Amino acid sequence: MRHVKICACLLVAAALPVAAITPATEADVTVIVSFKGAYSAPAIKEMQREASAIIKTSGVRVDWRSRSEAADLTFNDLVVMTFKGTCVFNPMPMVVDELGPYAITRTTGGAVQPFGEVDCDHVVSSLHNAMTGSDFGKADMLLGRALGRVVAHELVHMLTKSKQHGKEGVEKAALSARQLISESLPLSAMDVDRLQQERRSH
C-alpha cells in the first residue's frame, strides 16, 4: 500500500492581519479558501463538512469563507487555504509526482504560519489507485472526503503551531489514498488534547 506524505513546511514571510474585537462569526477559526483552478462545488461542500467534523471532536468550531466573503470582516482566528490544480474528479487524471506531499503548511523562521496549500491534482491522481467499482459513482463525495482530511491535517499544524505529526489518525505523517477515502479517519486522542491545550492558552 502506497503511503504519501501529507504535508511539507515551506518558508513564507507574510503574516495575516490581527483580528479585531468584534468577529463576524462565532467560530473559533475561519478558513479562507482560494482556488487557483476549477473545482467541484459538491466536492468542496463535502470537504468543508469532513474537515469541520474532524476538527470539531476537539471542540474547535470551523467556519468557511471565500476571499470576497472575508473582505472587511473580522474573525476570532483566521487561516488561509489555497487549492492549486483542478479540484474535480477526472476519469483520466493527470500524471503527477506521487512522491511529493498532498499539501504544504508554510513556516517562517521555523514557526508554523496560518497559510496552507493543497495540491488537488495530486489528491485526484492518488484516488484513482484507491477507488474500485461503485466508488466511481460517488467520486465527488470521496474527493471531498479526501480533501477534507488533507485540510484537517494542515489545520492541526496551524492551530497547534507545530510541525509535529501524530502516530495514528488523520495527523499521521503519511497516509495512503485508501485511508483518505475510508469510512473514518479521526483525530487521535493525543491530537485532540494538543488542540484543546492550544485553545486554552489563547
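Here, every reference points to the structure presented above.
Here's a quick rundown of the structure. What you see is a predicted model, and the numbers here were worked out from it, not measured in a lab.

**A short note on the overall build of the protein**
So, step 1. In terms of regular secondary structure, the protein is built from six helices and eight strands.
So, step 2. Listing every helix and strand of the protein by position from the N terminus yields β-β-β-α-β-α-β-β-β-α-α-β-α-α.
So, step 3. By residue count, 51% of the 202 residues in the protein fall in the buried class.
So, step 4. A separation threshold of at least 6 residues defines the contact pool for the protein, and within that pool the share at least 24 residues apart is 81%.
So, step 5. Per element, the accessible surface of the protein, about 9600 Å² overall, is 55% carbon and sulfur.

**Re the packing of aromatic side chains**
Within a pair of aromatic rings, the relevant descriptors are the distance that separates the centres and the angle that separates the planes.
So, step 1. Applying the stated criterion to the full structure yields three aromatic pairs.
So, step 2. Note on Phe35 and Tyr39: the rings are 4.2 Å apart at their centroids and 20° apart in plane angle, and the pair reads as stacked.
So, step 3. Its relative accessible area of 22% is what places Phe35 among the partly exposed residues.
So, step 4. For Tyr39, a relative accessible area of 45% translates into the label partly exposed.
So, step 5. Pairing Phe35 with Phe83 gives two aromatic rings, centres 5.0 Å apart and planes at 25°, and the pair type is stacked. Of the two residues, Phe35 is situated in strand S3 (residues 29-35) and Phe83 in strand S5 (residues 78-84); the sequence distance between them amounts to 48 residues.
So, step 6. A residue is classified by how much of its surface remains accessible, and Phe83, at 0% relative accessible area, is buried.
So, step 7. Three or more aromatic residues joined by ring pairs form one cluster here, namely Phe35, Tyr39 and Phe83.

**Quick look at the environment of Ala111**
So, step 1. Summarising the element assignment, Ala111 is placed in strand S7 (residues 111-119).
So, step 2. Counting along the chain gives 47 residues from Ala111 to Met158, while the straight-line C-alpha distance between them is 9.8 Å.

**Let's talk about the pattern of salt bridges**
Opposite charge on two side chains permits pairing when their charged atoms draw close.
So, step 1. With the rule as written, the count across this model stands at 11 salt bridges.
So, step 2. One salt bridge connects Arg106 with Glu117, and the closest N-O pair in it is separated by 3.5 Å. With Arg106 in strand S6 (residues 103-108) and Glu117 in strand S7, this pair connects stretches of sequence that are 11 residues apart.
So, step 3. Overall, the relative accessible area of 21% leaves Arg106 in the partly exposed class.
So, step 4. Connected through shared salt-bridge partners, Glu46, Arg49, Glu50 and Arg149 make up one network.

**Examining unusual backbone geometry**
So, step 1. Backbone geometry at Lys161 places phi at a positive 55°, although glycine is not the residue there.
So, step 2. Looking at where Lys161 falls in the secondary structure, it is placed in the loop between helix H4 (139-160) and strand S8 (174-176).

**Re the packing of H4 against helix H6 (residues 189-200)**
So, step 1. Following both chains from N to C, one finds H4 and H6 inclined at 35°, their axes separated by 9 Å at the closest point. The handedness of the crossing between H4 and H6 is left-handed. Facing Val156, Leu159 and Thr160 of H4, the residues of H6 in contact are Arg194, Leu195, Glu198 and Arg199.
So, step 2. Considering only residue class, the contact of H4 with H6 consists of three nonpolar, one polar and three charged.

**Things to note about the pairing of strand S4 (residues 62-66)**
So, step 1. For S4, the buried fraction is high: four of the five residues fall into the buried class.
So, step 2. You can see the chain leave S3, run along helix H1 (residues 41-56) and come back into S4, and the turn it takes is right-handed.

Cut-offs applied
- Residues numbered from 1 in each chain as written.
- Predicted model: local features only at pLDDT ≥ 70, side-chain atom pairs only at ≥ 80, totals over all residues.
- Heavy atoms only, no water.
- Helix = DSSP H or I, 4+ residues; strand = E, 2+ residues; numbered from the N terminus.
- Buried < 20%, exposed > 50% of the residue type's maximum accessible area, 1.4 Å probe, protein only.
- Contact = heavy atoms within 4.5 Å.
- Areas by Shrake-Rupley, 256 points an atom, 1.4 Å probe, with all protein chains shown as cover.
- Phe/Tyr/Trp six-rings, centres within 6.5 Å; stacked < 30°, edge-to-face > 60°.
- Salt bridge = Lys/Arg side-chain N within 4 Å of Asp/Glu carboxyl O.
- Axes fitted to C-alpha atoms, helices over the stretch in contact; angles between N-to-C directions.
- Left-handed = near helix turned anticlockwise from the far one by under 90°.
- Nonpolar A, V, L, I, M, F, W, Y, C, P; charged D, E, K, R; others polar.
- Right-handed = clockwise from strand over helix to strand, strands pointing away.

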